[in-house]
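Overview (structure and organization)
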Amino acid sequence: MSDFVEMRIIEAVRGLLTGRVNELLGTVQYAIPIVEIGDYTGASVVSPTLALASCERSEKERIIKLDVYSLTITFTLPETPDSELHCYVYAWAVCKALEENTTLGGVVDRAVISGKKYIKPKKVNCGQGWELAITLRVTVEGMGK
């Protein structure tokens, strides 16, 4: 594993998605494509993108030397009659998995969901799919600089 905290955060989230989130998806009564990381396509998998950025820190966070990151997990789903339902199921699974493991296996001090956004296609049957964007606020004590 890398010495860079940013790489460790991304790897921990990837592990959460392909591990616990997929386990939770297997417990629902609907046929939901599993999460895979990489350049996969097809009806049986979904491959979310992860975007990590530094956040502005509060004065308290600066004083106690907390590094704060914003990580966005974006699921892009093809337009089908079940796409909206799939967005809600993925959001539930990610929320549940993160509630069970707020430290991402000890990599961070705390990771919490700060927002969820469900984006439907602007026009029906135009080729643009549904999107789910889940934003996490991740804090790490004294790891940076």
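Everything below is about the structure printed above this text.
Any pair of aromatic rings gets described here by the distance separating the centres and the angle formed by the planes. Across all of its chains, the model carries two aromatic pairs by this definition. Considering the side-chain rings of F75 and Y90, the 4.9 Å spacing of their centres and the 15° angle between planes classify their relative orientation as stacked. On the criterion of sequence distance, the pair formed by F75 in strand β4 (residues 66–77) and Y90 in helix α3 (residues 83–100) is long-range, its members being 15 residues apart. The same class applies to F75 as to Y90, namely buried. Consider the rings of Y88 and Y118, whose centres lie 4.9 Å apart with planes at 65°: the pair is edge-to-face. Pair noted here: Y88 is in helix α3 and Y118 is in strand β5 (residues 110–119), with a separation of 30 residues, a long-range link. Here Y88 falls in the partly exposed class, since its relative accessible area comes to 38%. Residue Y118 is classed as partly exposed on the basis of its relative accessible area, which comes to 32%.

The next subject is the nonpolar core. Membership of the largest hydrophobic core comes to 36 residues, with the highest contact counts inside it found for I9, F75 and Y90. Here this core gets ten residues from one element, more than from any other, and that element is helix α1 (residues 5–25). With residues near it in sequence (within four places) discarded, I9 still touches L52, Y69, L71, V107, V108, V138 and V140.

Before going further, it helps to spend a moment on the environment of L104. Within the secondary structure, L104 is located in the loop between α3 and β5. On a C-alpha basis, the gap between L104 and R8 in space is 9.6 Å, while along the polypeptide they are 96 residues apart. Ignoring anything within four residues of it in the chain, the contact list for L104 reads A12, V13, L16, L98 and A111.

With that settled, the discussion passes to the sheet that holds β4. Taken in spatial order, the four strands of this open sheet run β3-β4-β6-β5, and their pairing is antiparallel. The open sheet has two edge strands, β3 (49–54) and β5, and neither has a second partner. Mean inter-strand twist for the sheet, computed between neighbouring axes without regard to direction, equals 20°. Both β4 and strand β6 (residues 130–141) contribute to a ladder of twelve bridges, which runs antiparallel.

Calculation criteria
- Residues numbered from 1 in each chain as written.
- Predicted model: local features only at pLDDT ≥ 70, side-chain atom pairs only at ≥ 80, totals over all residues.
- Heavy atoms only, no water.
- Phe/Tyr/Trp six-rings, centres within 6.5 Å; stacked < 30°, edge-to-face > 60°.
- Helix = DSSP H or I, 4+ residues; strand = E, 2+ residues; numbered from the N terminus.
- Buried < 20%, exposed > 50% of the residue type's maximum accessible area, 1.4 Å probe, protein only.
- Core = buried A, V, L, I, M, F, W, Y, C linked by side-chain atoms within 4.5 Å.
- Contact = heavy atoms within 4.5 Å.
- Pairing = 2+ DSSP bridges.
- Axes fitted to C-alpha atoms, helices over the stretch in contact; angles between N-to-C directions.

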